[in-house]
Number of protein chains: 2
Amino acid sequence: MSPQPHIIIVGGGFAGLYAAQNLAELPAIVTLIDRRNFHLFQPLLYQVATGGLSPANIAAPLRAILKQQKNTSVVLGEVNNIDARSQSLFLADGSCYSYDYLVLATGASHNYFGNDSWERYAPGLKTIEDATEIRRRLLSAFEAAELEPDPIKQRDLIRFVIVGGGATGVELSGAIGEIAHQTLKDNFRNFDPAEAEIILLEGGTRILESFAPQLSEKAKLALERLGVTVLESSFVTDIQSDYVSFRRADKTERIITSCVLWAAGVQASPLGRILARETGVSLDRAGRVMVASDLSIPGHDNIFVLGDLACVVQAGKQVPGVAPAAMQAGAYIAKVLKHRIGNSRPPPSTFYYRDRGSMATIGRSLAVAQIGRLSLSGFIAWIAWLFIHIMFLVEFSNRILVVVQWGWNYLTRNRTARLITGENTTEKR
Amino acid sequence: MSPQPHIIIVGGGFAGLYAAQNLAELPAIVTLIDRRNFHLFQPLLYQVATGGLSPANIAAPLRAILKQQKNTSVVLGEVNNIDARSQSLFLADGSCYSYDYLVLATGASHNYFGNDSWERYAPGLKTIEDATEIRRRLLSAFEAAELEPDPIKQRDLIRFVIVGGGATGVELSGAIGEIAHQTLKDNFRNFDPAEAEIILLEGGTRILESFAPQLSEKAKLALERLGVTVLESSFVTDIQSDYVSFRRADKTERIITSCVLWAAGVQASPLGRILARETGVSLDRAGRVMVASDLSIPGHDNIFVLGDLACVVQAGKQVPGVAPAAMQAGAYIAKVLKHRIGNSRPPPSTFYYRDRGSMATIGRSLAVAQIGRLSLSGFIAWIAWLFIHIMFLVEFSNRILVVVQWGWNYLTRNRTARLITGENTTEKR
């Protein structure tokens, strides 16, 4: 009997984890490598950033998820290098793993389009630490306003700018609007938190560009009802500790603010560059790997790239960096490997992303959903949003806890996870 | 009409918060100052440190708790100085508050008995950040063992030492035993987490010294069943990054370990020293303020010190630094102030702590409880422990969430909040 082939999957996000789970029955050794010990349900990360959920509600330990899957082991580590010729992977701790098949799915982080100095003032939202840091900044701004005697400075402290009108930016803005108008009502004595100004800057002509225009319009109206000002065609030109500058209709404007949140662009994980250096594969402008139609890379049919790390073009359009696309890619790769190793039925030679729709929620009881050519909005879309998000949470315990927490938040308009934690807690801002 | 008197309470723990809540109806201005924006239910902090609960489950925003209490405002800040003559308080941000009555209840932190260098290697458990840091160290040790090829070093990595056999040390040791034997079962491929060694070092002749001897014995047996080795009469003499030394029966022993947790001693908050410098009040060896029988300080009948910051002697014994004592002191001070300001019935001139009992839980379904001369143990004590801890959680939402999370953990023997988060996540240990 020949030894079983070794499949290494790097990244335990939607793509990597779904690939691993679909390989449970295969006569192969599967190793899942991740820097973190948990899978993170990123679509709900904005709820952690706004105090609605706890980090552990949307995270699940990878070892717990995969403990019954005897052919699979989990390694906590960071990949530093790849040697495609000897089929080896090198981790930051100096260890080396050899593979027969390699699946790379390390995702993406924020992209400041060359202005890396902005990151300090405008954190993005990709990790648990990002979320608790944003939560700290949001809540600390209200605390500072309570202590500020000068009414002008007080208003400056509770002016929030969100850059980027995609789903994350829209959901974040709506949640901050709810915090200001509902959650923090009666919490302060020296100002009314409802006076907070929330400004959403979008570079394109409308927010939620991937949705139908009437849904963008509905989302905008819903945001405005929560006190959010939506400014389209606004390009950020500078971010400093106390202001944001942007160009709009050929004029440069400046907003005084000490709290800017970044939801504008993503940059693929540095593993893409490592792979490009090693194999000569091309990257797109965001650092994503240009994969072949079966998600392998040219000249290396045993290396696959999926999820936000891959640039997949389908019918002339890029497959979006969303969770369903990553899950489908993970399932597809598992089929490819099952065919190659286990002799099961060959999958199509081209990965096909089936867009089952996208949705965004804006505060209590309202969401917009685009399902093919069908546009949904309002309460029905919100219920659909709730149902789908709960369904796709990986662990059953998380589903229960999220339902209980949401039920409570809905009934009381409270957000009980609004803790200011972390290093800078007692530091002056 | 004369202006209303101003009561400042420093510290939103059990003592300070209960004092504030009992002053709701008083014609006075109440200001509660805390460094953190939440009240923390410290008795369950060890459950956050061991991945059983999320931080927000045991914390409640102070503003949310007090929002309906119109005479009370919350200030996020740290007291730097007190001027008793002008009745003023100075905060770290430079602001100044004048008071008519001052209630100090800033609690305690760890005491390394002059060996402050130990803190780095042996963190204590007082804050949310302490708890997530301990959680990180515990879980990272198992992760490192999975990657360690040398079986000797592997065993060294999963050897844990807990210093101090009071309730915190006992509960922490039991929870780590459960993690090793139950939670992490089947989670690793290269070693069995049940091989973890957990050593509890106690300086006295028995653990849980404030309980009846037979309860100490039962607790020890229960710990041993969870794989914990209890070593009494063991005095720690040194802690370094890779070992703990201790004296026991006139011999010095050394345990190789990279994970030491400190539950041995407390040191009152530095505010005690500030008060002593200003008013000449005496401090005990742990830095606690020697208060008069009504919790005021000699020569200043408008300054009160309570909770873990105060040294209260009753019938020749110190009132213990436990939550019920702090709550009772908070309620007592509220009565004193209501009498002085609101002309209500005078309370007794001496604060009397009524010991309603103490309890500690050791893993699933077992606890010990000392209620006066009644000793309880086993399942009944555990149910009492559960009920009392849930009852005293401040916010109703926390009660629901803790019940749900505990129910889930009990049924599945899982701990879903075992996330490795924080700064050093990807750093080599």
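Small disclaimer: the values here were computed from a predicted structure and weren't measured.

*Asks:* Mind showing me how you'd approach the overall build of chain A here?
*Replies:* Within chain A one finds 11 helices and 27 strands. For chain A, whose C-alpha radius of gyration is 22 Å, the value lies close to the compact-globule estimate of 22 Å for 429 residues. By the burial criterion, 58% of the 429 residues in chain A qualify as buried. Split by element, the accessible area of chain A, about 17,900 Å² in all, is 52% carbon and sulfur.

*Asks:* Would you mind going over the sheet that holds strand S26 (residues 367-371) of chain B with me for this structure?
*Replies:* Neighbouring strands of a sheet are bound in pairs by backbone hydrogen bonds; such pairs are parallel or else antiparallel. Residues and elements named next belong to chain B. Overall, antiparallel pairing links the 3 strands, which are arranged S25-S26-S27 in an open sheet. Both outer strands of the open sheet, strand S25 (358-361) and strand S27 (374-378), are each paired with one neighbouring strand and no more. Direction aside, the axes of adjacent strands within the sheet are offset by 5° on average. Bridge analysis of S25 against S26 gives 4 bridges, and the strand direction is antiparallel. Bridge pairing in S26 links threonine 361 to alanine 367. Sheet strands in contact with helix H10 (residues 379-392) are S25, S26 and S27, and its direction is about 95° off that of S27.

*Asks:* When you look at helix H8 (residues 271-279) of chain A in this model, what are you seeing that I'm missing?
*Replies:* In an α-helix, one full turn covers 3.6 residues, which means residues spaced three or four apart are oriented alike. Residues and elements named next belong to chain A. Of the positions making up H8, those classed as buried are Leu271, Gly272, Ile274, Leu275, Ala276 and Thr279. Against the buried residues of H8 lie strand S1 (6-10), strand S6 (79-83), strand S9 (101-104), strand S19 (289-290), strand S20 (296-297) and strand S21 (300-305). Trailing H8 by a residue or two, glycine 280 shows a phi angle of about 75°, which is positive.

*Asks:* Honestly, the packing of aromatic side chains in this entry has me stumped. Any pointers?
*Replies:* The geometry of an aromatic ring pair is captured by the separation of the ring centres together with the interplanar angle, meaning the angle of the planes. Using the criterion set out here, one finds 24 aromatic pairs over all chains in the structure. Judged by centre distance (5.4 Å) and plane angle (35°), the rings of phenylalanine 142 of chain A and phenylalanine 160 of chain A are tilted. Here the residue phenylalanine 142 of chain A occupies a position in helix H4 (residues 128-147), and phenylalanine 160 of chain A occupies one in strand S11 (residues 159-163), the gap between them amounting to 18 residues. Neither phenylalanine 142 of chain A nor phenylalanine 160 of chain A differs from the other in exposure class; each is buried. Ring plane angle 75° and centroid distance 5.6 Å describe the contact between phenylalanine 14 of chain B and phenylalanine 41 of chain B, whose orientation is recorded as edge-to-face. Pair noted here: phenylalanine 14 of chain B is in helix H1 (residues 14-21) and phenylalanine 41 of chain B is in the loop between strand S3 (38-40) and helix H2 (45-49), with a separation of 27 residues, a long-range link. Pair check on accessibility: phenylalanine 14 of chain B and phenylalanine 41 of chain B agree, each one buried. Taken together, the aromatic side chains of Tyr112, Phe113, Trp118 and Trp262 of chain A make up a single cluster linked through ring pairs. Sitting over the face of the ring of tyrosine 243 of chain A, arginine 254 of chain A holds its NZ or CZ atom 3.7 Å from the ring centroid.

*Asks:* Can you walk me through the pairing of S9 of chain A in this structure?
*Replies:* On any regular strand, side chains alternate: one points to one face of the sheet, the next to the other face. Residues and elements named next belong to chain A. Side chains Tyr101 and Val103 project from S9 onto one buried face, and the interleaved Leu102 and Leu104 project onto a second face that is buried too. Sheet analysis places S1 next to S9, joined by 4 bridges and oriented parallel. Residue pairing across strands places isoleucine 7 opposite tyrosine 101, the latter belonging to S9. Pairing between S9 and S21: 3 bridges, direction parallel. Paired with leucine 102 across the two strands is isoleucine 303, which belongs to S21.

*Asks:* When you look at the relation of the copies chain A and chain B in this model, what are you seeing that I'm missing?
*Replies:* Each of the two chain copies goes to the other by way of a rotation about an axis and a shift along it. With an RMSD of 0.0 Å, the fit of chain A onto chain B corresponds to turning through 180° and sliding 0.0 Å along the axis. The symmetry that links the two subunits is that of a two-fold axis. When the interface residues of chain A are mapped onto chain B, 100% of them again lie at the interface, so the same face is used by both copies.

*Asks:* Just checking my understanding: could you explain the sheet that holds strand S13 (residues 228-231) of chain A for this structure?
*Replies:* Residue and element names in this part refer to chain A. Sheet architecture is open: 4 strands sit in the order S13-S12-S11-S17, paired in parallel fashion. The strands lining the two open edges of the sheet, one partner per strand, are S13 and strand S17 (259-262). Looking at each pair of strands side by side, their axes are set apart by 20° on average, direction ignored. Across 4 bridges, the pairing between S11 and S17 is parallel.

*Asks:* Looking at this model, I keep getting lost on unusual backbone geometry. Mind explaining?
*Replies:* Note on backbone geometry: most residues besides glycine have negative phi, and most peptide bonds are trans. All names here are of chain A. The residue aspartate 250 is not glycine, and still its phi comes out positive at about 65°. Positive phi, normally seen in glycine, also occurs at alanine 315, with a value near 50°. Position of alanine 315 relative to the elements: it lies in the loop between strand S23 (313-314) and strand S24 (317-318).

*Asks:* What exactly am I supposed to notice about the packing of H10 of chain B against helix H11 (residues 396-412) of chain B here?
*Replies:* Between two packed helices, the angle of one axis relative to the other and the distance separating the axes together describe the packing. Residue and element names in this part refer to chain B. At a minimum axis distance of 9 Å, the contact between H10 and H11 shows a crossing angle of 150°. Classified by the angle between their axes, H10 and H11 sit roughly antiparallel to one another. The residues of H11 that touch H10, namely those facing Trp382, Trp385, Leu386, His389, Ile390 and Met391, are Arg399, Val403, Trp406 and Tyr410. A breakdown of the residues in the contact of H10 with H11 according to their chemical character gives 8 nonpolar, 1 polar and 1 charged.

*Asks:* Looking at this structure, I do not really get the interface of chain A and chain B. What am I missing?
*Replies:* By a widespread convention, an interface's size corresponds to the accessible area lost as its parts come together. Taken together, the contacts link 53 residues of chain A with 53 residues of chain B. For the pair chain A and chain B, the two sides together bury roughly 4,600 Å², of which 59% comes from carbon and sulfur. By the criterion of area lost to chain B, the three top residues of chain A are Arg63, Arg189 and Leu419 of chain A, representing 14% of everything that side buries. At the surface where chain A touches chain B, the tally comes to 2 salt bridges. With a closest N to O distance of 2.5 Å, arginine 63 of chain A and glutamate 143 of chain B form a salt bridge.

Scoring rules and cut-offs
- Residues numbered from 1 in each chain as written.
- Chains lettered and ligands numbered in written order.
- Predicted model: local features only at pLDDT ≥ 70, side-chain atom pairs only at ≥ 80, totals over all residues.
- Heavy atoms only, no water.
- Helix = DSSP H or I, 4+ residues; strand = E, 2+ residues; numbered from the N terminus.
- Rg over C-alpha atoms; globule rule 2.2 N^0.38 Å.
- Buried < 20%, exposed > 50% of the residue type's maximum accessible area, 1.4 Å probe, protein only.
- Areas by Shrake-Rupley, 256 points an atom, 1.4 Å probe, with all protein chains shown as cover.
- Pairing = 2+ DSSP bridges.
- Axes fitted to C-alpha atoms, helices over the stretch in contact; angles between N-to-C directions.
- Contact = heavy atoms within 4.5 Å.
- Phe/Tyr/Trp six-rings, centres within 6.5 Å; stacked < 30°, edge-to-face > 60°.
- Lys NZ or Arg CZ within 6 Å of the ring centre and 35° of its normal.
- Least-squares fit on C-alpha atoms with pLDDT ≥ 70 in both.
- Parallel < 35°, antiparallel > 145°, perpendicular 65-115°, else oblique.
- Nonpolar A, V, L, I, M, F, W, Y, C, P; charged D, E, K, R; others polar.
- Buried area = accessible area lost by both parts, 1.4 Å probe.
- Salt bridge = Lys/Arg side-chain N within 4 Å of Asp/Glu carboxyl O.

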